[in-house]
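Chains, contacts and geometry: an overview
So you can see what is in the structure, the chains are spelled out below.
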Amino acid sequence: MRYVFLVFSVFLIAACSKEQVKISGKILNADNKMLYLEEVNLYNASKKDSVKLNKNGNFSFKFETPVSCFYQLRISPEQTILLFPNPGDKIKVEADASNILSSLKTHGSTDTEQITKLIRMLNETKHRLDSISVLYEKTTDETKRGQLNKEYQTILEGHRKASIGYILTNYK
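Okay, so let's go over this structure.

What counts and how
Residues numbered from 1 in each chain as written. Predicted model: local features only at pLDDT ≥ 70, side-chain atom pairs only at ≥ 80, totals over all residues. Heavy atoms only, no water. Helix = DSSP H or I, 4+ residues; strand = E, 2+ residues; numbered from the N terminus. Buried < 20%, exposed > 50% of the residue type's maximum accessible area, 1.4 Å probe, protein only. Contact = heavy atoms within 4.5 Å.

Along the protein chain, the regular secondary structure elements total four helices and eight strands. Written out in order from the N terminus, the α and β elements of the protein chain read α-β-β-β-β-β-β-β-α-β-α-α. Taking all 172 residues of the protein chain together, the buried fraction comes to 30%. Across the protein chain, every contact between residues at least 6 apart in sequence was considered, and the portion connecting residues at least 24 apart equals 51%.

Phi at Asn29 takes a positive value of approximately 60°, unusual for a residue other than glycine. Mapped onto the elements of the fold, Asn29 is located in the loop between strand S1 (19-28) and strand S2 (34-40). By relative accessible area, Asn29 is classed as exposed at 51%. For Asn32, which is not a glycine, the phi torsion comes out positive at approximately 60°.

This part covers the side chain of Thr125. In this structure, Thr125 sits in helix H3 (residues 110-138). Residue Thr125 is classed as buried on the basis of its relative accessible area, which comes to 9%. Sequence-distant contacts of Thr125, defined by excluding residues within four places in its chain, comprise Ile155 and His159.

Next up, the structure:
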């Protein structure tokens, strides 16, 4: 009985222990700006830590977490980097504040890298749809509008299929 209690105690301690996550890196063109680390849930983002970036843009955050969770690095509402660290991850981030998404490189978290790919894919689709919407609004030719509407629907369907395929391929 004592052995069972000892094994159960060790299991309980291991299950409840938190592992440290380290997120560090460099964000160029953000001299003297504040960088916020925020935990993100379905309804909001709560600030966990912050650091003022120096001229080199270097930063480092360390925190403990028992479970994987969404976090973001935020300079402004338009300048965010979404992360999904697992307990024990050491994530390296490199980006340029003047164009975060296209310059973003992450290492040390496969989940974060996968999420970044999905966000890029979504952003590319958004730009394509926005371009078609502008053309649609500018034209009064109903034939042209019908063609643009069909193209818009084709892009949406292509994105939906690509997203589902990506998820099914990468998350088993």
